[in-house]
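Chain residues, written in single-letter form:
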Amino acid sequence: MAEAWMPGTERLDGGSVRTPPGIGAPRAVWTVTESDPEAWSAHEEARRMVDEGRAAHLVWNPLTGEVVQTLAATRRGRLALGGTDQHGLHLDHGHEGRVCLVVAAIAFRETPFTDGPMRGLTPILAWLDSWEVARDWPAGPPGREGAKAGEAARRWARGGHFGHDQVPGSSAKGPGRLDTARLLAASPPVEGAPRTPRPRPEARRSATT
């Protein structure tokens, strides 16, 4: 049975979010924080995103394996994903699907986090599986030339996993050129034990894209 909160994960209050009823295939959207995973913890980045009104469901440090959840699966993320104007109305694609779960990896888009150890990924995938998010990437690997609007919408309608830049109407640049096959593998190769980010007072950090 799917649980609204990922088991064994630290929680932060992401605030009260309007949660419209959704229909259609479940989805997961992967984005990046554009910050250094060796310097910033998942807790720090989750707090920053909440304070900025851009809460994601999960914030994950793929180097340390730390995961923080700020929204229940039954809530909609506050991070803008993408939208389309139809018949004078604005359609927010983050409000579509039975669930649309946003995973923010602490990483830069220029350095794909799938090239690293991806510690803590297995329980994230298991949780997404429990919400029936298909382990499929209909739009192909992100970080490449986007599909035309009609084709992007058709791929989106299939559900599954997407990069932030692959959401119809998205202006995001991330998450970069991910190895989607490795990301969605049942047991991705992981080396070493979890580590703690080392402090870098002037570490690069910018808003999620």
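All values derive from a computational prediction rather than experimental measurement. Every chain begins its residue count from 1, and numbering advances along the sequence as written. Side-chain atom pairs in this predicted model are given and counted only at pLDDT of 80 or more, local residue features only at pLDDT of at least 70, and totals for whole chains, interfaces and linings cover all residues. For the side-chain quantities, the full set of heavy atoms in the structure was used; hydrogens and water were omitted.

Some details on the overall build of the protein
No. 1: Broken down by element type, the protein carries four helices and eight strands.
No. 2: Secondary structure of the protein in N-to-C order comes out as β-β-α-β-β-β-β-β-α-α-β-α.
No. 3: Two residues qualify as a contact provided that any one of their heavy atoms is within 4.5 Å of a heavy atom in the partner residue. Intrachain contacts of the protein at a sequence separation of at least 6 include 78% that bridge at least 24 residues.
No. 4: Only the protein chains shown count as cover for residues, and all accessible areas are computed by the Shrake-Rupley method using a 1.4 Å probe. For the protein, the exposed surface amounts to about 9,800 Å²; the carbon and sulfur share of it is 52%. Strands here mean DSSP runs of E at least two residues long; helices mean DSSP runs of H or I at least four residues long; both are numbered from the N terminus.

Quick word on the environment of Ala152
No. 1: Following the sequence through the fold, Ala152 ends up in helix H3 (residues 149-157).
No. 2: Spatially, the C-alpha atom of Ala152 lies 7.2 Å from that of Ala139, the residues being 13 residues apart in sequence.

So, the nonpolar core
No. 1: As used here, the term nonpolar core means buried Ala, Val, Leu, Ile, Met, Phe, Trp, Tyr and Cys residues forming a set that is joined through side-chain atoms within 4.5 Å. Buried means the residue's accessible area, taken with a 1.4 Å probe over protein chains only, is under 20% of the maximum for its type, while exposed means over 50%, and partly exposed covers the values in between. Trp30, Trp60, Phe113, Ile124, Trp127, Leu128 and Leu183 are the most contacted members of the largest nonpolar core, which totals 26 residues.
No. 2: Among the elements that take part in this core, helix H2 (residues 121-130) stands out by supplying five residues, more than any other.
No. 3: Excluding anything up to four places from it in sequence, Trp127 contacts Glu3, Ala4, Trp5, Met6, Pro7, Leu58, Gln69, Ala73 and Leu101.
No. 4: Judged by nonpolar contacts, the second largest core, of 18 residues, contains Val29, Val59, Val102 and Ile106.

Some words on the sheet that holds strand E2 (residues 27-32)
Whenever strands of a sheet pair, they do so through backbone hydrogen bonds, lying parallel or antiparallel.
No. 1: For two strands to be treated as a pair, DSSP must find no fewer than two bridges joining them. Strand order in this open sheet of six strands is E1-E4-E3-E7-E2-E8, and the pairing throughout is mixed. The outermost strands of the open sheet, each flanked by one partner alone, are strand E1 (10-11) and strand E8 (160-163).
No. 2: By the bridge criterion, three bridges tie strand E3 (residues 58-60) to strand E4 (residues 67-69) in an arrangement that is antiparallel. Its bridge partner being in E4, Trp60 is matched across the sheet by Val67.
No. 3: Here H3 sits on the sheet and contacts E2, strand E7 (100-105) and E8; the angle it forms with E2, its principal contact strand, is near 120°. Simply put, an axis is a line fit to the C-alpha atoms, just over the touching stretch for a helix, and the angle between two N-to-C directions goes from 0 to 180 degrees.

Side note on the pattern of salt bridges
No. 1: Salt bridges are defined by distance alone: a side-chain nitrogen of Lys or Arg within 4 Å of a carboxyl oxygen of Asp or Glu. This model, assessed by the stated rule, comprises 10 salt bridges.
No. 2: Here Arg47 makes a salt bridge to Asp51, at a shortest N to O gap of 3.6 Å. Taken together, the positions of Arg47 and Asp51, both in helix H1 (residues 42-51) and four residues apart, correspond to about one turn of that helix.

Details of the side chain of Glu45
No. 1: Position of Glu45 among the secondary structure elements: in helix H1.
No. 2: Of the residues examined, Glu45 reaches a relative accessible area of 0% and is grouped as buried.
No. 3: The definition of a polar contact used here is a pair of N or O atoms within 3.5 Å, where within protein one atom must be able to donate a hydrogen and the other to accept one, and adjacent residues in sequence count solely through side-chain atom pairs. Side chain to side chain, Glu45 and Arg48 meet in a polar contact 3.1 Å long.

With respect to the packing of aromatic side chains
No. 1: Each pair of aromatic rings taken from Phe, Tyr and Trp, with Trp reduced to its six-membered ring, is defined by centres within 6.5 Å and is described as stacked if the planes are under 30 degrees apart, edge-to-face if over 60, and tilted in the remaining cases. Scanning the entire structure with this criterion turns up four aromatic pairs.
No. 2: Judged by centre distance (6.1 Å) and plane angle (70°), the ring pair of Trp30 and Trp60 falls under edge-to-face. Placement of the pair is Trp30 in strand E2 and Trp60 in strand E3, with a sequence separation of 30 residues.
No. 3: Taking relative accessible area as the criterion, Trp30 reaches 0% and is therefore assigned buried.
No. 4: Three or more aromatic residues joined by ring pairs form one cluster here, namely Trp30, Trp60 and Phe113.

Looking at the confidence of the model for the protein
Residues shown with low pLDDT carry predicted positions that ought not to be read at fine detail.
No. 1: For the protein, per-residue confidence averages 87 on the pLDDT scale, and 82% of positions sit at 70 or higher.
No. 2: Low pLDDT, under 50, characterises residues 188-194; the stretch is placed with 15 contacts to residues that sit more than four places away or in other chains. The quantity known as pLDDT measures the predictor's confidence residue by residue, on a range of 0 to 100.

Overview of the environment of Val59
No. 1: Here Val59 lies in strand E3.
No. 2: By relative accessible area, Val59 is classed as buried at 1%.
No. 3: Residues Val59 and Ile106, spaced 47 residues apart in sequence, show a C-alpha to C-alpha distance of 7.3 Å.

A short note on the pairing of E7
No. 1: In terms of burial, E7 is largely enclosed, as six of its six residues are buried.
No. 2: Alternating residues of E7 divide into Cys100, Val102 and Ala104 and Leu101, Val103 and Ala105, and every residue in both groups is buried.
No. 3: The sheet contact formed by E3 and E7 spans three bridges and is parallel. Counted as the bridge partner of Trp60 is Ala105 from E7.

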